[in-house]
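Next come the chains, spelled out residue by residue.
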Amino acid sequence: MQHGRTTWPGAGRWSAGSTALAAATNALPRLRRLLLAERHRWALWVPVLMGGGVLLYMVPAEEPSTRLAELALFATAAGLSLAVLAVLAGRRTRATLAILLVALPAGYLAAAWRTASVETVTLARPATLELEARILAVEGRARGHRLTLDRILVLGGARQPVPQTVRIGVAKGAGFLAPGDRIRIRARLEAPQPPALPGGYDWARDAWFQGLGAVGWSLGAPVLLQAGGQDDGLALAVEELRSALSARIAGATPGPAGAVAAALVTGQRGAVDDAIWQDMQRSGLAHLISISGLHFTLVAGVVFFLARWGLALCPPLCRRLPAQKGAAICAILACAFYLVVSGASVPAQRSFVMAVIAFSALLVDRDPISLRLLSVAAIAVLLWAPHSLLGPSFQLSFAAMVGLVALFEALARRRDRQPAAARPLWHRALAYPQGIVATTLMATLATAPFGAWHFGTIATWGVVANMLAVPLTSFAVMPAAVIGTVLIPLGLDQPAFMVMGEGVAWVLAIAATVAAWPHAAFAIPGMDSACIALIVLGGLWLAIWQQRWRLAGLPVVLLGLATALAGTPPGLFVAPDAKVAGAISDEGRLLRTPGRLDGRVADAWQTRAGTGGRPGKWEAAPDGDRAACDQTGCVIRQGSHVIAVLTVPGDPGDDCRHAQLVLDLVAERRCPLPTRTLGYRSLRAARGLEIRFAGGEPILSSLARARGDRPWTRSIPPSRLDDDDAGSP
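What counts, and where the lines are drawn
- Think of each chain on its own: its residues are numbered from 1, step by step along the sequence as written.
- For this predicted model, a pLDDT threshold of at least 70 governs which residues receive local features, and a threshold of 80 or more governs which side-chain atom pairs are given and counted, while totals over whole chains, interfaces and linings are taken from all residues.
- The side-chain quantities take in all heavy atoms of the structure and omit both hydrogens and water.
- The disulfide definition used here is simple: a pair of cysteine sulfur atoms within 2.5 Å.
- Buried residues are those whose accessible area, probed at 1.4 Å on protein chains only, stays under 20% of the maximum for their type, while exposed residues exceed 50% and partly exposed ones sit between those limits.
- Numbered from the N terminus, helices here are DSSP runs of H or I no shorter than four residues, and strands are runs of E no shorter than two.
- The criterion for strand pairing is that DSSP finds at least two bridges linking the strands in question.
- Should any heavy atoms of two residues lie within 4.5 Å, those residues are counted as being in contact.
- The axes are straight lines fitted to the C-alpha atoms, using for helices just the contacting stretch, and the angles between their N-to-C directions are given from 0 to 180°.
- Take the buried Ala, Val, Leu, Ile, Met, Phe, Trp, Tyr and Cys residues and link them wherever side-chain atoms come within 4.5 Å; each set so joined is a nonpolar core.
- Crossing handedness is defined as follows: a turn of the near helix away from the far one that is anticlockwise and smaller than a right angle gives a left-handed crossing, while the clockwise case is right-handed.
- Basically, the charged four are Asp, Glu, Lys and Arg, the nonpolar ten are Ala, Val, Leu, Ile, Met, Phe, Trp, Tyr, Cys and Pro, and anything else, Gly included, counts as polar.

Right, let's talk about the state of the cysteines for a bit. This model, assessed by the stated rule, comprises two disulfides. Note that Cys-629 is cross-linked by a disulfide to Cys-634, the S-S spacing being 2.0 Å. Every disulfide takes its handedness from the sign of the S-S torsion; for Cys-629 and Cys-634 that torsion is 95°, giving right-handed. Each member of the pair, Cys-629 as well as Cys-634, carries the same accessibility label: buried. Bridging Cys-656 to Cys-671, the disulfide has an S-S length of 1.8 Å. Its S-S torsion of approximately -65° makes the covalent link between Cys-656 and Cys-671 left-handed. With Cys-656 in helix 22 (residues 653–658) and Cys-671 in the loop between strand 16 (661–664) and strand 17 (676–678), this residue pair connects regions lying 15 residues apart in the sequence.

So, in structure tokens, the structure goes:
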């Protein structure tokens, strides 16, 4: 008689399933221990979940139902009630969990409330109008000035609603104007421009939230009707102060250095030349022009140490108020002044909140630098301006700060394990240059994915440029700016502003030199939102947790980077006016059909395609080339698939026979089935089109469909692309 194990069909699968279930069951207690060990870090996920709620409201192409807002309101109220009860019962862990549950609906609710509170009137159609208006702000530019106007009266009436606030460029004749003046001006106005391609930065959305309903340019010099009065209010007084301060700083150092120096203090960057912007971007120094955490830190640091030194010289005062706490109060006031005169941009708001919390922590003898501090700043900005989450300013500034603070916390833990006295003298001597290298490298790595996503490039030599320019900005430019501003009432500011301008000139020289190096910018074409989402989630996992399981975020980041590097740019573009098309040649050059192409659209195509230089002509080429033209139009080939672009009137017979998709930039000619055809009206209704090849199949994405029907998208006719033509939403 044989004795053995009885088997039955499926026994192997049952055993494998039981093993997997047992492994999962055994892993749960370990996961619980890890989470409980990091309970002090749970609250750091609150702004992350709030950001997710903001995205749930802002990203959809259609306006969400009011029922969702009501549900979010109920969930937020219930969660906050549970959190209060948990705090009263002394259950801090449960209170934190309740706040985490509230964060997502709270972010959604903040975005919905902010949108509902905005009543911006956007100009529906371009128009030439004669206006009487009050000047809200005057900003110098490389050529002329830019005026922001409100209290608008249209002379002769208008056939459409006129916005409450407009921005107009004036080539000449505006140098004598000041905020508060009332003028008459004739201008050509149009709505703020949307992105040129799906997924691009939507400046029209930001303009809508700012209350800006139209932009344009003057048709002649403005006429002064009335100088500013005494009852213009605080806002105009601030704008007048900003304009006067910009003129004073720029006057001390004429030329590009003076324009950049003024931008560092007042945030008015209109006078900064485009060539300087390009050099700063290619060298990785663009963050030095945009007022953010670095500038607030330097201003606060200079004021703090000067005030502490001054208070230490007055012993009777120090007996009543410790010098460190008195200096912290002075630094908070300086940051508040800097926030006002700099224009209160999103990075400035975040930096101000962080500075206030940091120096408030000094007042109560707490640690001023931590991710908790940064999370509070993020929550404040998301509650005040939730739409800013979608812009590059928010993303770049917070990415840099998360990376730097996480690095600081890691170095602090290492320093606690090895006191300074135990380290060799040479190691302590190299601490500062090592810190410069480490912080520069971390800030560069943290912001590089967002730079690639928004601008299509990564500054290859950014670390080198920052190692040279950041110390110069820290020890010369910003201290001179603070000292010069303080000395203005005494009339002794010009020497300080001259020193500042000289430091800025050196920074610009560094930017120009590094930007001219070989391969200064590395192109990352075709990066989409899925790549950046993986990088963000993996990076936050690495930065927030402190146990070894945080390393699980590293493969997620690497997956996002690999996906971005493996991405392919679109094969074909169509301009928003449907008059010009562009394609990428075999050599990787961007080619275009004949016609007038807006510079903004050309820049967007270059960024998405990862190419440099202006688009070349799409001309005849030998048979077999990927992109070529003949007498009737142009074609682009991807494998066995062919897309034809018709550029002149005539019979499209040959194109209809050989192409799977025909784009008609001239008329509404139709090809017999099965060839798909998109005529001129359909392409124009798309408001911008890009075509990708996935496995050889063309996938069409239209800007009209991507932007959808939201309060900030204006009255855009729905896209004529049906589901079959679009390929994907």
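Before going further, it helps to spend a moment on the sheet that holds strand 9 (residues 572–574). Strand order in the open sheet formed by six strands is 12-11-10-9-18-19, with mixed pairing between adjacent strands. With one partner strand each, in any of the chains shown, strand 12 (616–617) and strand 19 (697–702) form the two edges of the open sheet. Pairing geometry for strand 11 (residues 590–592) and strand 12, over two bridges, is parallel. Across the sheet, residue Arg-592 finds its bridge partner in strand 12, namely Lys-617. Relative to strand 9, helix 21 (residues 599–609) is tilted by about 160°, and along the sheet it contacts strand 9, strand 10 (581–584), strand 11 and strand 18 (689–694).

Before going further, it helps to examine the sheet that holds strand 15 (residues 641–646). The sheet built from five strands is open, its strands ordered 13-14-15-16-17 with mixed pairing. Taken across any chain shown, the strands that pair with only one partner, and hence form the sheet edges, are strand 13 (627–629) and strand 17. Averaged over all pairs of adjacent strands, the angle between strand axes in this sheet comes to 20°, irrespective of strand direction. In terms of strand pairing, strand 15 meets strand 16 through four bridges, oriented parallel. Note on strand 16: the bridge partner recorded for Leu-646 is Asp-664.

Core analysis: the biggest nonpolar cluster contains 55 residues, and Ile-249, Met-280, Leu-285, Phe-296, Phe-359, Met-500 and Val-504 have the highest contact counts within it. Among the elements of the structure, helix 6 (234–252), helix 7 (256–266), helix 8 (274–283), helix 9 (293–312), helix 11 (323–341), helix 12 (346–363), helix 17 (462–486) and helix 18 (494–515) are those that each provide at least two residues to this core. With nine residues, the single largest contributor to this core is helix 11. Counting residues in hydrophobic clusters, the runner-up holds 41 residues, among them Trp-45, Met-50, Ala-112 and Leu-374.

A pair of packed helices can be characterised by two numbers: the angle between their axes and the separation between those axes. Two numbers describe how helix 9 lies on helix 11: the axes approach to 8 Å, and their chain directions differ by 140°. Of the two possible hands of crossing, helix 9 and helix 11 adopt the one that is right-handed. Across the interface between the two elements, His-295, Phe-296, Val-299, Ala-300, Val-303, Phe-304, Ala-307, Arg-308, Leu-311 and Ala-312 of helix 9 pack against Ala-323, Gln-324, Gly-326, Ala-327, Ala-328, Cys-330, Ala-331, Ala-334, Cys-335, Tyr-338 and Leu-339 of helix 11. Within the contact of helix 9 with helix 11, the residues separate by chemical class into 17 nonpolar, three polar and one charged.

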